[in-house]
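# Examination of the molecular architecture
Residues per chain, in single letters:
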Amino acid sequence: MKGTNDQRAGLLSGIGAYGLWGIVPLFWPLLKPAGAIEILAHRMVWSLGVVGLALLALRRWSWIGELIRQPRKLGLISVAAAVITVNWGLYIWSVNNGHVVEASLGYFINPLVTIAMGVLLLGERLRPTQWVAVGTGVAAVLVLAIGYGQPPWISLTLAFSFATYGLVKKKVNMGGLESLTAETAVLFVPALGYLLWLGAQGDSTFASEGLGHAALLAATGVVTATPLVLFGAAAIRVPLSTLGLLQYLAPVFQFILGILYFHEAMPPERWAGFALVWLALILLTWDAFRTSRRTRAQAQTVAAQPAPSAPPAGDAASSSSAATPAR
């Protein structure tokens, strides 16, 4: 019963995490007239405050000393912080400048980019269906490039930056809350310095647009940390295959918002490109389920095989005496 409740709680946490990431395009326009860089700087500063309070409540500080004693890990954390800065900043700019659909495409093709990076950088080998899926994804990018008259650079930058972030995070091998704290700590000083400089120039909206606007900017920390906490709760309770399916909730919600709420255009060539991407994701999902089912069946077959019988007592005794040196 407890296991069932844990799985249900994990599933709800996962839906909550990806659901919040999916509807976050509704939040960023509320922060206007602040520009994307100012919003990004506030997100970095306030996120550190939120995760710092969370760690204080959980009393999880021991990892900090270990991290400081590992220069290589600190370097990887800095790389992760730089890459997620690009991802966050471009995403905020895209939403506030009428590119929600193109931003959602970036997160649709992210799994394909992650697979391609695994092949190119880690020497991983793909199954035939995965090769077809990656090839279909490349075809989708070409169709969209022809439709746009240029490569879909927003989608590609978001996909490659987030895939790189995931790769670095895998090498760092830290918990979600701890790694976010470390990354925002790296970003805190330059972000705070930028906000102070912006205020000195008289261009900061934090103090000039009223308490409501200032509260919304401060809320960027909660908006950043809440889905990550929910994701962490889901990751330890539900299978990775379930999380893999739930991850598509976010770009689906973003895509729907882009069309129905923000009224972005969807000409035929864009529909064609998205259709190819969705086909590639269907192939990946089908291949993952098939491989998981085959692996599970093989494990059950091995478990069902009878264990080798023990030798008769006399044989065991003679074997034991033969192994014992003469005195």
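As shown above, the structure is provided for reference.
Treat the numbers as computed from the prediction; the structure is a model and nothing was measured. (Residues numbered from 1 in each chain as written. Predicted model: local features only at pLDDT ≥ 70, side-chain atom pairs only at ≥ 80, totals over all residues. Heavy atoms only, no water.)

The subject of this paragraph is the overall build of the chain. The number of helices and strands found in the chain is 14 helices and zero strands. Ordered by position from N to C terminus, the α and β elements of the chain give α-α-α-α-α-α-α-α-α-α-α-α-α-α. Since a compact globule built from 327 residues should have a radius of gyration of about 20 Å, the 25 Å found for the chain marks it as more spread out than a globular shape. Its C-alpha atoms give the chain principal-axis dimensions of roughly 95 × 50 × 40 Å. The 327 residues of the chain split such that 39% are buried. Contacts spanning at least 24 positions in sequence make up 85% of the contacts within the chain whose residues lie at least 6 apart. Looking at the chain as shown, the accessible area adds up to about 17,700 Å², and 68% of this sits on carbon and sulfur atoms. Computed over 21 positive and 13 negative side-chain charges, the separation of the two mean positions in the chain equals 12 Å. (Helix = DSSP H or I, 4+ residues; strand = E, 2+ residues; numbered from the N terminus. Rg over C-alpha atoms; globule rule 2.2 N^0.38 Å. Buried < 20%, exposed > 50% of the residue type's maximum accessible area, 1.4 Å probe, protein only. Contact = heavy atoms within 4.5 Å. Areas by Shrake-Rupley, 256 points an atom, 1.4 Å probe, with all protein chains shown as cover. Lys, Arg positive; Asp, Glu negative; His and termini not counted. Charge placed at Lys NZ, Arg CZ, Asp CG, Glu CD.)

Here the focus is the packing of aromatic side chains. Overall, the coordinates contain 18 aromatic pairs when judged by the stated rule. Ring centres of Trp21 and Phe231 lie 6.2 Å apart, and the angle between their planes is 50°; this geometry places the pair in the tilted category. In this pair, Trp21 is assigned in helix α1 (residues 2-23) and Phe231 in helix α10 (residues 220-235), connecting sequence segments 210 residues apart. Residue classification places Trp21 among the partly exposed residues on the basis of a relative accessible area of 26%. Both rings, one in Trp93 and one in Trp153, keep their centres 6.1 Å apart while their planes meet at 40°; by these two values the pair is tilted. One end of the pair, Trp93, is in helix α4 (residues 71-96); the other, Trp153, is in helix α7 (residues 153-172), and 60 residues separate them in sequence. (Phe/Tyr/Trp six-rings, centres within 6.5 Å; stacked < 30°, edge-to-face > 60°.)

A few words on α10. Quick reminder: α-helices carry 3.6 residues per turn. Residues three or four places apart thus point the same way. For α10, with 16 residues, the first-to-last C-alpha span of 23 Å sits near the 22 Å given by 1.5 Å per residue. Residues Thr220, Gly221, Thr224, Ala225, Pro227 and Ala234 constitute the buried set of α10. (Expected span 1.5 Å × (residues − 1).)

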